[in-house]
Amino acid sequence: RDALVVALSDHGEAFGQHGAQGHNTQVHVEMLHVPLVVVGRGAFALAPRVVDAPVSLLDLAPTFVERFGLAPLDGGATGHSLAAWLANETPQEI
């Protein structure tokens, strides 16, 4: 009943674009634009929203700490909380 599913990717793959195949050292949109999908139901229900702003996988830990009231992470986690977006608001700073 209550579930939170996060689907993501660490980087894109080249499939012949720009003469590249697979993993490589070139930086193109195909390598940078990767999915980050968060879907919740029950206690974790989220309003549908598409955010067209760059975020980082480093933002996930601070987001879940803030959104779900978890204990802060040891080691000074980097990243910015995206919890406001999960609440269908716009964060003040990214």
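Fair warning: this is a prediction, and the values are worked out from it, not measured in the lab. (Residues numbered from 1 in each chain as written. Predicted model: local features only at pLDDT ≥ 70, side-chain atom pairs only at ≥ 80, totals over all residues. Heavy atoms only, no water.)

**Notes on the overall build of the protein**
- For the protein, the helix and strand inventory stands at three helices and four strands.
- When its helices and strands are written in sequence order, the protein yields β-β-β-α-β-α-α.
- Classification of the 94 residues of the protein by burial places 21% in the buried group.
- Of the contacts made within the protein by residues no fewer than 6 positions apart, 45% connect residues no fewer than 24 positions apart.
- As displayed, the protein offers around 6,800 Å² of accessible surface, 56% of which is attributable to carbon and sulfur atoms. (Helix = DSSP H or I, 4+ residues; strand = E, 2+ residues; numbered from the N terminus. Buried < 20%, exposed > 50% of the residue type's maximum accessible area, 1.4 Å probe, protein only. Contact = heavy atoms within 4.5 Å. Areas by Shrake-Rupley, 256 points an atom, 1.4 Å probe, with all protein chains shown as cover.)

**Here we look at the packing of aromatic side chains**
- Counting across every chain of the model gives two aromatic pairs.
- When the ring of F64 is compared with that of F68, the centres are 5.9 Å apart and the planes differ by 25°; the resulting orientation is stacked.
- Given the relative accessible area of 18%, F64 is considered buried.
- Residue classification places F68 among the partly exposed residues on the basis of a relative accessible area of 28%.
- Each residue in the set F44, F64 and F68 is aromatic and connected to the rest through ring pairs, giving one cluster. (Phe/Tyr/Trp six-rings, centres within 6.5 Å; stacked < 30°, edge-to-face > 60°.)

**With respect to the confidence of the model for the protein**
- In this model, the protein carries an average pLDDT of 80, and 83% of its residues clear a pLDDT of 70 or more.
- When pLDDT is averaged over each helix and strand of the protein, the minimum, 66, is found for strand 3 (residues 21-22) and the maximum, 90, for strand 1 (residues 3-8). (pLDDT = per-residue confidence, 0-100.)

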